[in-house]
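Fold and geometry: a report
So the chains spell out like this:
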Protein chains: 2
Amino acid sequence: MLKTVKAMVRYFMSVVPFRLGPALITTAVLLALLATPVPDGLKPAAWHLVAIFLTTIVAIILKVMPIGVMAMMAIMAVSLSQVTAGSSKAAIADALSSFSSPLIWLIVAAILISRGLKKTGLGNRIGMGFISLLGRRTLGIGYGLAICELVLAPFTPSNTARGGGIVHPIMKSIAGAFGSDPGEGTQGKVGTYLALVNYHANPITSAMFLTATAPNPLVVDYISKASGHALHLSWTTWALCMALPGLLCLLLMPLVVYWISPPELKETPNAVAFARSELARMGPLSGKERVMLGVFGLMLLLWANVPALVLGDAFTLDPTVVAFVGLFALIITGTLDWDDVLGEKTAWDTLIWFGALVMLAEQLNKMGVIRWFADLMRDAIIASGLGWPAVAAVLVGVFVCSHYLFASTTAHISAMMLAFLTVGVQLIPAAYAVPFMLMMAAGSAIMMTLTHYATGTSPIIFGSGYVSMGLWWRVGAVMCVLELAVFATLGSLWWSILGLW
Amino acid sequence: MLKTVKAMVRYFMSVVPFRLGPALITTAVLLALLATPVPDGLKPAAWHLVAIFLTTIVAIILKVMPIGVMAMMAIMAVSLSQVTAGSSKAAIADALSSFSSPLIWLIVAAILISRGLKKTGLGNRIGMGFISLLGRRTLGIGYGLAICELVLAPFTPSNTARGGGIVHPIMKSIAGAFGSDPGEGTQGKVGTYLALVNYHANPITSAMFLTATAPNPLVVDYISKASGHALHLSWTTWALCMALPGLLCLLLMPLVVYWISPPELKETPNAVAFARSELARMGPLSGKERVMLGVFGLMLLLWANVPALVLGDAFTLDPTVVAFVGLFALIITGTLDWDDVLGEKTAWDTLIWFGALVMLAEQLNKMGVIRWFADLMRDAIIASGLGWPAVAAVLVGVFVCSHYLFASTTAHISAMMLAFLTVGVQLIPAAYAVPFMLMMAAGSAIMMTLTHYATGTSPIIFGSGYVSMGLWWRVGAVMCVLELAVFATLGSLWWSILGLW
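Residues numbered from 1 in each chain as written. Chains lettered and ligands numbered in written order. Predicted model: local features only at pLDDT ≥ 70, side-chain atom pairs only at ≥ 80, totals over all residues. Heavy atoms only, no water.

What about the interface of chain A and chain B?
To keep things clear, this is the line we draw: Contacts between residues were defined by any pair of non-hydrogen atoms, one from each residue, lying within 4.5 Å. Note: buried area is the sum, over both parts, of the accessible area (probe 1.4 Å) each one loses when the two are combined. For salt bridges, the criterion is a side-chain nitrogen of Lys or Arg within 4 Å of an Asp or Glu carboxyl oxygen. Numbering of helices and strands starts at the N terminus; helices are DSSP runs of H or I of at least 4 residues and strands are runs of E of at least 2.
Taken together, the 49 residues of chain A in the interface contact 49 residues of chain B. Where chain A abuts chain B, roughly 4600 Å² becomes buried across the two surfaces, and 82% of that area is made up of carbon and sulfur atoms. Looking at the side of chain A facing chain B, the largest losses of area belong to Met-72, Phe-328 and Trp-338 of chain A, adding up to 15% of the total buried there. Across the contact surface, chain A and chain B share two salt bridges. Residues Asp-339 of chain B and Lys-345 of chain A are paired through a salt bridge, measuring 2.8 Å at the closest nitrogen-oxygen approach. Of all elements in the fold, only helix H4 (67-81), helix H5 (88-96), helix H6 (102-120), helix H16 (319-332), helix H17 (338-343) and helix H18 (345-366) of chain A reach the threshold of two or more residues within the side of chain A that touches chain B.

Shown next as structure tokens:
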């Protein structure tokens, strides 16, 4: 009898396209939330939205189905949740609202542009160039990868495209050249070390430029909102603020990883020759590489707001417009063709899941949930009687650590950052509010260090198999603490020198 | 010398990814429009928008590059056109606005759902069933599709859901069963003919029932307003008025399309036997086919607004929500997987090009261009001193033809119809006002025939690739004239018999 039931369950599990256990847990979470009495201060519709949001996040963390499907479920749930209120038209408009967000299309365009970097081979050339300069020791190659990330970061608003799509293939080809491959017991030679450096360069560079990771513009928006529009970070201000502490982190990171997880092969006398021969084999820049380089240069100029500096504020271009101009330039020069664009599944996947998560965060805000949560936090922290430095530390610490629960920095930032910033601004003396907000901004990227599902780059590098999960989490925790410490000390000093507080 | 120049031009033309001649013509059109003085009553920004719109349409007609690229160019142009006004943020928000339109996502979802019909084999089965009943001649299948549309029309208030979501996948399966597929040079066998019949059934059935397309209730409202509430069309009156001319159009349409664009395969003597043997070979419905059938049945019930009829108006579901429910049902049952969704390039292509065209039409309206055009018309007609029959003909003709500028009937009707009706009622003797208003009502659906972006159904069927743009526009013009003629003659007679004038 039990055997038959077991066999039936096993058959059912093999047939359903989702993971049954996680699906049941997710459903239980949804039912439990819906059964919970609506908390004081929230409308029932707002609480239902919280239930939809938390269920979606749980489903994403537990990987019930691909994240895009869970996002579609959320869109559908929001569309249906107001049916009995007779406002199906308003509900579907709400549910689709974020698909016209310039932020979403910036990411889509950036992913499409990064395809050009890979397609033309320019990404590979850039990598080899750095290695030919820095590749005499494994540590040197590590620094080469980190610099590679740093150079690409201002141009690649998708940290996944940069760390996973451009630098990771270079890192893999280097490890392969040294006979260090995962699954053959040789990954320890240089692979594990380089994969970790490849990964940990990603959060640091993401913190350094407004255009280095997708949710950074969101961070700017939240900081502006929380500060009552007193602190609005431009591309240049952001880059300036993060430059010094970011560079120190980037300098320390390959050394610290070297110390925790040393490569077996420390001297790499052939790397320079390998890179040089690769560069020689590539020959001079091809026409398409030149176009790609030109488009990158143009985009950097525009993202750095050069036209406005020269011609006046009227010529400030929205970053999304810049990305569209770059993408269009690649297409009309034949560097990318339209079929490349339509076939870039990652772009459409991101459009949908990222769009849905941004929409949920917007709806939570619109429904007053964020406000309510911020009030709750404020009351708890006020009741605790902590001094403001402790308040700031608790806020940043809790915010960063809670990323263990999230599979996307955007989801995390959309859901929690505005609330934490608002509480902080209320409780921290105005004179110290700026460094607190900049710490939150830095933390929102540094938290990517923590897990193998923290951001899009993580599953790509982790999935290559160079690094075990235990080592990944151990290095992640160390790097997180170290980087927060650098930003809190050197960062605060630097921001004070810049006259920001 | 000349030879060298010729060789250089030829080389250049072989290198650029666009068609050089059309690109030059398009550029000339843009420059000519920009050089034209801004017409009285329009702001410069509005005139620039007209220039962008007309240039985009010319670029699409001349096929400078894929339509999606031209659409992206339009989005970029709109984003950049307000740069010197210092409102890049507002401009990009405008340019992306239609990507959150429920109509656009209804189209995307319908395309994705139709993939399920193909994947499960249910589409093929339905197609074979159709052929086994009507398949002796291609013309017979055409009539079968038209009857299909007619039967569904009273219950499907979204003509996109009906023509694009339900009938088109069946049509594709039938064409596939005859080995007539786009992009393989075989679409001419039966595919082109059936796609055109599939499409042209849509405007006719939309004209026939108040509940057959979304803007019809708006038309009723405008007619009521323009006539000083003298003519209020109920569901039954509408259906009665349109029945006879509508049925004649539906009877003529497959024949006329047969004459303009005859299928290569006219007699299909073996088709019935083949279809029967295929049906026998398929055996009983598979599990996934049952799911597909169930989802289709569910969507039909929801699109026909059955929940609202049973449970009250509060349960009216937006057609896009219904499509999302259907798509989600297909995914969680494993009928479609997420990779199918992301790999469906047509969906993403349509999202971009149709979205851009809807956006341009919305912006033209927002900028006051449509209002300006309607006023100009009114003044010209009053000044012309034409007799009332000419006035009526000009009003209906101009109203219908101006749909070449619109990507949505709802946008067109809400922007222009009331103005045209009001002018007509002022200039046409009261005794003849009713047939004029009914002609306007019929024309508001018949105008869907004109372009491949006229209504939501158009991009879905056009996007499948059976019909070239030139043929689409040619057949559209012929059908439009023919149907207007049928309504003007038989319609007027019929309405007189009904005692309406």
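Quick notes on empty space enclosed by the protein
Heads up, the rule is: Cavity: a set of points on a 1 Å grid over the protein atoms alone where a 1.4 Å probe fits but cannot get out. Pocket: an open set with protein on both sides within 12 Å along at least five of seven lines, its lining residues, like those of a cavity, having an atom within 4 Å of a point. Grid points are joined across faces, edges and corners, and a volume is the space filled by probe spheres set on the points. Three categories are distinguished: nonpolar for Ala, Val, Leu, Ile, Met, Phe, Trp, Tyr, Cys and Pro, charged for Asp, Glu, Lys and Arg, and polar for the others, with Gly belonging to the last.
By the definition in use, this model includes three cavities of 30 Å³ or more. The volume enclosed by the largest cavity comes to roughly 70 Å³. Met-72, Ile-75, Phe-99 and Ile-352 of chain A together with Trp-105, Val-108, Ala-109, Leu-112, Phe-324, Leu-327, Trp-338 and Val-341 of chain B together form the lining of the largest cavity. Those elements that provide at least two residues to the lining of the largest cavity are H4 of chain A together with helix H6 (102-120), helix H16 (319-332) and helix H17 (338-343) of chain B. Here the element with the most residues in the lining of the largest cavity is H6 of chain B; it accounts for four residues. A per-class count over the lining of the largest cavity returns 12 nonpolar, no polar and no charged. Counting residues per element, the ones that place at least two in the lining of the second largest cavity are H6, H16 and H17 of chain A. Here the lining of the second largest cavity gets four residues from one element, more than from any other, and that element is H6 of chain A. By residue class, the composition of the lining of the second largest cavity is 11 nonpolar, no polar and no charged.

Quick word on the side chain of Ser-408 of chain B
Residues and elements named next belong to chain B. Stated precisely, the cut-off is as follows: Classification of residues uses two cut-offs on accessible area relative to the type maximum, computed with a 1.4 Å probe and protein chains only: under 20% is buried, over 50% is exposed, and between them is partly exposed. Any pair of nitrogen or oxygen atoms within 3.5 Å is treated as a polar contact; in protein, a donor-acceptor pairing is required on top of that, and neighbouring residues in sequence qualify only through side-chain atoms on both sides.
Mapped onto the fold, Ser-408 is located in the loop between helix H20 (388-401) and helix H21 (409-427). Judged by its relative accessible area of 12%, Ser-408 falls in the buried class. In this structure the side chain of Ser-408 is engaged in a polar contact, spanning 3.0 Å, whose partner is the backbone nitrogen of Ala-411.

Considering the nonpolar core
Threshold: To define a nonpolar core, start from buried Ala, Val, Leu, Ile, Met, Phe, Trp, Tyr and Cys residues and group those joined through side-chain atoms within 4.5 Å.
Judged by nonpolar contacts, the single largest core of 358 residues is most densely connected at Trp-105 and Trp-348 of chain A together with Trp-105 and Trp-348 of chain B. With 13 residues, the single largest contributor to this core is helix H18 (residues 345-366) of chain B.

So, the domain arrangement of chain A
Our working rule: Here the limits of each domain have been adopted from an automatic or database domain assignment.
Structurally, chain A comprises domain 1 (7-95) and domain 2 (102-221 + 234-344). Inter-centroid distance (C-alpha atoms) of domain 1 of chain A to domain 2 of chain A is 36 Å.

A short note on unusual backbone geometry
Even without being glycine, His-229 of chain A reaches a positive phi, approximately 65°. Residue position: His-229 of chain A is located in the loop between helix H11 (216-226) and helix H12 (235-260). A positive phi angle is found at Asn-305 of chain B, which is not glycine, with a value near 65°. With respect to the secondary-structure elements, Asn-305 of chain B resides in the loop between helix H14 (287-303) and helix H15 (306-311).

Considering the pattern of salt bridges
All names here are of chain B. Tallied over the entire structure, the rule returns 23 salt bridges over all chains. Put simply, Asp-375 and Arg-378 hold a salt bridge, and the shortest N to O gap is 3.9 Å. Of this pair, Asp-375 and Arg-378 both sit in helix H19 (residues 369-384), three residues apart, which is roughly one turn of that helix. A residue is classified by how much of its surface remains accessible, and Asp-375, at 25% relative accessible area, is partly exposed. One network of salt bridges, with partners in common, ties together Arg-115, Lys-119, Asp-337, Asp-340 and Glu-344.

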